[in-house]
Amino acid sequence: MKTLQFNTNINCGSCIKAVTPTLNGEKAITSWQVDTVNPSKVLTVTGDVTEEQVLALVEDAGFKATKA
């Protein structure tokens, strides 16, 4: 299990609500959270998932992410 961090444009509660079904639907993700107070809107993901998988999931949900 590893922890990955990404800078995103997920910047509010509504954005988090929009991305929740996509991230929660990925069985390889154990937990995730977005720090909307941080200017980089850091998404922290824990689980047996690759960077590429997380980037694709975030994009599928309609948001952008880059490796932090």
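Up top you'll find the structure we're talking about.
Here is what the cut-offs are and how they apply
- Residues numbered from 1 in each chain as written.
- Predicted model: local features only at pLDDT ≥ 70, side-chain atom pairs only at ≥ 80, totals over all residues.
- Heavy atoms only, no water.
- Pairing = 2+ DSSP bridges.
- Helix = DSSP H or I, 4+ residues; strand = E, 2+ residues; numbered from the N terminus.
- Phe/Tyr/Trp six-rings, centres within 6.5 Å; stacked < 30°, edge-to-face > 60°.
- Lys NZ or Arg CZ within 6 Å of the ring centre and 35° of its normal.
- Axes fitted to C-alpha atoms, helices over the stretch in contact; angles between N-to-C directions.
- Contact = heavy atoms within 4.5 Å.
- Buried < 20%, exposed > 50% of the residue type's maximum accessible area, 1.4 Å probe, protein only.
- Arc of directions from axis to C-beta.

*Asks:* Could you clarify how one ought to interpret the pairing of strand β1 (residues 2-8) in this entry?
*Replies:* Along any regular strand the residues' side chains alternate between the sheet's two faces. Alignment of β1 against strand β3 (residues 42-47), held across 6 bridges, turns out to be antiparallel. What sits directly across from Asn-7, in β3, is Val-42. Relative to strand β4 (residues 65-67), β1 runs antiparallel, the two being bridged by 3 bridges. In the strand pairing of β4, Phe-6 is matched with Lys-67.

*Asks:* Mind showing me how you'd approach the packing of aromatic side chains here?
*Replies:* Working definition: an aromatic ring pair is given by the centre-to-centre distance plus the angle between the planes. Summed over the entire model, instances satisfying the criterion amount to 0 aromatic pairs. Above the plane of the ring of Phe-6 lies Lys-67, whose end atom (NZ or CZ) is 5.6 Å from the centre.

*Asks:* Sorry, what's going on with the sheet that holds strand β2 (residues 29-35) here?
*Replies:* Strands in a sheet are paired, the pairing made by backbone hydrogen bonds, and the direction either parallel or antiparallel. With antiparallel pairing, 4 strands are arranged side by side in an open sheet as β2-β3-β1-β4. Only two strands of the sheet have a single partner each, and these edge strands are β2 and β4. On average, each strand axis in the sheet is tilted by 30 degrees relative to the strand beside it, whichever way the strands run. Sitting on the sheet, helix α1 (residues 13-24) touches β2 and β3, and the angle it makes with β2 is about 165 degrees. Against the sheet, helix α2 (residues 51-60) makes contact with β1, β2, β3 and β4, and its axis sits at roughly 40 degrees relative to β1, the strand it touches most.

*Asks:* What is the right way to look at unusual backbone geometry in this model?
*Replies:* Across residues other than glycine, the phi torsion is negative in most instances, and most of the peptide bonds are trans. Phi angles above zero are rare outside glycine, and Lys-41 is one such case at about 50 degrees. When you line up the elements, Lys-41 lands in the loop between β2 and β3.

*Asks:* What is the right way to read α2 from this model?
*Replies:* One turn of the α-helix equals 3.6 residues, which is why residues spaced by three or four share an orientation. Residues Val-54, Leu-57 and Val-58 constitute the buried set of α2. All buried residues of α2 lie within an arc of 95 degrees about the axis, which places them on one face of the element. Pointing more than 90 degrees away from the buried face of α2 are the exposed residues Glu-52, Glu-59 and Asp-60. Lining the buried residues of α2 we find β1, α1, β2, β3 and β4. Once α2 ends, the next one or two residues include Gly-62, with phi positive near 95 degrees.

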